[in-house]
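# A closer look at the structure
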2 protein chains.
Amino acid sequence: MSPAKTPMGAARGAIIPVGGAEEKMSDARILRRFVGLCGGQEAKIAVIATASQLADTGDRYEALFTELGAGRVRSLPFETRADCDNPELLDKLVRATGVFMTGGNQLRLATTLGGTDVARTIRTLNAAGVPVAGTSAGAAFLSEHMIAHGEDGAVPRANIVTLAPGLGLTNRVVIDQHFRQRDRLGRLLTALAYNPFAIGVGLDEDTAAFIGPDETLEVVGSGGVTIVDCSNVEYSSMDQVGDHEAVCLIGLRMHILTAGATFNLHTRIATAPHAVAAPS
Amino acid sequence: MSPAKTPMGAARGAIIPVGGAEEKMSDARILRRFVGLCGGQEAKIAVIATASQLADTGDRYEALFTELGAGRVRSLPFETRADCDNPELLDKLVRATGVFMTGGNQLRLATTLGGTDVARTIRTLNAAGVPVAGTSAGAAFLSEHMIAHGEDGAVPRANIVTLAPGLGLTNRVVIDQHFRQRDRLGRLLTALAYNPFAIGVGLDEDTAAFIGPDETLEVVGSGGVTIVDCSNVEYSSMDQVGDHEAVCLIGLRMHILTAGATFNLHTRIATAPHAVAAPS
């Protein structure tokens, strides 16, 4: 599954994975920026709380986005695969100028939305210019190869991570979240060691990567984004090691990016915060 | 303090940081290899258990090395700075063909041995060809810049690590231990972010880096060694960030090495396990 085709003349919408636990009470800069991208007062934001086990998650984000000035916000209760055929709900989704997926369990998202009209609609919307954001489990689900679950630790080891197909808005990245807080470098490296084509994006809590249509990712929030670039990997022992043994990986390139720093997923070049001079 | 000068014609002895919790009961491959380097049946190994708070640590390693075939093993009780002037103990140290420092607290080592004849003697011995190993705290103490203590986590943050002067057998590396087990990449990166000249060596438990006189490090043991090479770092925000804020670091190179893999501290080139063909 490759990303849905962008209509002639349209630019793909932003893809916005958030590392979870984004700040909501004071500046809420990640959510505020998302609302702006969706059109601010003109925005129609669809909240999808399928990942969450808590009944009020959708309502909380509805209230939050409304407070942040979004014109209209609707939490759409896709709780079962049957809900994903509900024409009334789908009709609301189709009109959205922004989609936000909450945290919870990314396998709830994949098993409920996978292969349904909801997934197809979100992919089509994004290809036509609509921003799609997800926090925590919602972030993991955005890309083609999703980390379903795994074990903690800094070093890659055989079989400590389980990959599953995700929503597929992009296949350039493998996303992990709560990154610093849950010590997840090892499982991200393990995911990349299988096939080094993808770029690893490890998001700390309260930190987001805004991936624009130009494939440039910008960091927003209070933490760091760990970028792992495997394009120059010279050797991986992943095909040879036994269960839970450490994997040998030679030639990783890594950047720790903070707010304002960028990374281009095409050129694989990182820039420091404020590296671009303000117009004089 | 730079490493002691190697006498004409002599090669420096191996420097062997061990990540702690090295296997002692079955193959004991790290300790066995160390005994071999020290001369096997001809070896005279000095054990320094200064870092440990346990009274029997020195005796345990004495028994262990004897079991592994070392000719003579002596635990030398340098417990106070006054002990470090004891001519009888120093005389035994001078005759050693191998020195092993146990785990415990690296600040016990630095505060007790620092600037004494014991430190000077170990440096001179190593420069003249005697292997010097240390496990856990003993490993941290080996290099010029020692991680005294720090906080866990995968991302570098301002002020999460405290550096102190170590024994100074080499200044090319900053060593960290229990690496995977205690999630220490962030503190190692923080230490390197101050001044990217050094190479970061993160040792998992039961894993050692045997650094030969040719500055080539070889991995021995069941875990991984994480090498962080900052020589191409393009940007570090370490001078600008507030306390505990994430540090932006662009252009890190990293290798995860397992048993048999090597890394040359001069050329900064890593080789995979078994990359060197066996003689035909």
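From a predicted model like this one, the values you see are computed outputs, not experimental measurements. Within any chain, residue numbers begin from 1 and follow the written order of that chain's sequence. Chains and ligands are labelled by the order in which they are written, letters from A for the one and numbers from 1 for the other. This being a predicted model, a pLDDT of at least 70 is required before a residue's local features are given, and a value of 80 or more before pairs of side-chain atoms are given or counted; all residues contribute to the totals for chains, interfaces and linings. Side-chain figures throughout are based on the complete set of non-hydrogen atoms in the structure, without hydrogens or water.

### A few points about the relation of the copies chain A and chain B
Our working rule: In superposing the copies, a least-squares fit is computed on C-alpha atoms, taking residues whose pLDDT is at least 70 in both. Working rule for contacts: check all heavy atoms of both residues, and any pair within 4.5 Å makes them a contact.
Least-squares fitting of chain A to chain B yields an RMSD of 0.0 Å, with the transformation described by 0.0 Å of translation along the axis and a rotation of 180 degrees. Between the two chains, the operation in question is that of a two-fold axis. Ranked by how close their C-alpha atoms come to the rotation axis, the residues of chain A are headed by A:Arg253, at 2.3 Å. Most of the interface of chain A is mirrored in chain B, where 97% of its interface residues again form contacts.

### Digging into helix H3 (residues 87–94) of chain A
All names here are of chain A. Rule in force here: A simple rule labels every residue: compare its accessible area, found with a 1.4 Å probe on the protein chains alone, to the largest value its type can have, and call it buried under 20%, exposed over 50%, or partly exposed in between. Numbering of helices and strands starts at the N terminus; helices are DSSP runs of H or I of at least 4 residues and strands are runs of E of at least 2. The directions from the helix axis to the C-beta atoms are what the arc is built from. Nitrogen and oxygen atoms within 3.5 Å of one another constitute a polar contact, given that in protein one can donate a hydrogen and the other can accept it, and given that sequence-neighbouring residues count only through two side-chain atoms.
Looking at H3, one finds that the buried residues are Leu89, Leu90 and Leu93. The arc enclosing the buried residues of H3, seen along the axis, measures out at 95 degrees, which places them on a common side. Pointing more than 90 degrees away from the buried face of H3 are the exposed residues Pro87 and Glu88. Those residues of H3 hidden inside the fold are in contact with strand E2 (44–48), strand E4 (98–101) and helix H5 (117–127). A side-chain oxygen of the first residue of H3 lies 2.9 Å from the backbone nitrogen of glutamate 88; this N-cap is asparagine 86.

### Side note on the interface of chain A and chain B
Just so we agree on the cut-off: Here's the idea: put two parts together, see how much 1.4 Å probe accessible area each one loses, and the total over both is what we call buried area. Throughout this description, the term salt bridge denotes a Lys or Arg side-chain nitrogen within 4 Å of a carboxyl oxygen of Asp or Glu. Residues are grouped as follows: nonpolar covers Ala, Val, Leu, Ile, Met, Phe, Trp, Tyr, Cys and Pro; charged covers Asp, Glu, Lys and Arg; every other residue, Gly included, is treated as polar. Whether two strands pair depends on DSSP finding at least two bridges between them.
Taken together, the 33 residues of chain A in the interface contact 32 residues of chain B. When the two sides are added together, the surface that chain A and chain B hide from each other amounts to roughly 2,700 Å², 65% of it contributed by carbon and sulfur. The largest share of the area that chain A buries against chain B comes from A:Arg180, A:Met254 and A:Ile256, three residues that together contribute 23% of it. Between the two partners, chain A and chain B, sit two salt bridges. Here B:Arg253 and A:Glu234 are joined by a salt bridge, their closest N and O atoms 2.8 Å apart. Applying the counting rule to chain A against chain B returns eight residue pairs in polar contact (both at pLDDT 80 or more). For the side of chain A that touches chain B, the elements supplying multiple residues, two or more each, are helix H7 (185–194), strand E14 (249–257) and strand E16 (270–271) of chain A. Here the side of chain A that touches chain B gets nine residues from one element, more than from any other, and that element is E14(A). Classifying every residue of the side of chain A that touches chain B by side-chain character gives 19 nonpolar, eight polar and six charged. Bridge count between E14(A) and strand E14 (residues 249–257) of chain B: five bridges; the pairing is antiparallel. Across the sheet, residue A:Leu249 finds its bridge partner in E14(B), namely B:Ile256.

### Looking at the sheet that holds strand E16 (residues 270–271) of chain B
Residue and element names in this part refer to chain B. Read from one edge to the other, the open sheet built from nine strands follows the order E3-E2-E4-E5-E1-E10-E11-E15-E16, with strand pairing classed as mixed. Two strands in the sheet have a free side with no partner beyond their single neighbour: strand E3 (72–75) and E16. One ladder, built from three bridges, connects strand E11 (residues 216–221) with strand E15 (residues 262–264); its direction is antiparallel. Across the sheet, the residue bridging to leucine 217 is phenylalanine 263, located in E15.

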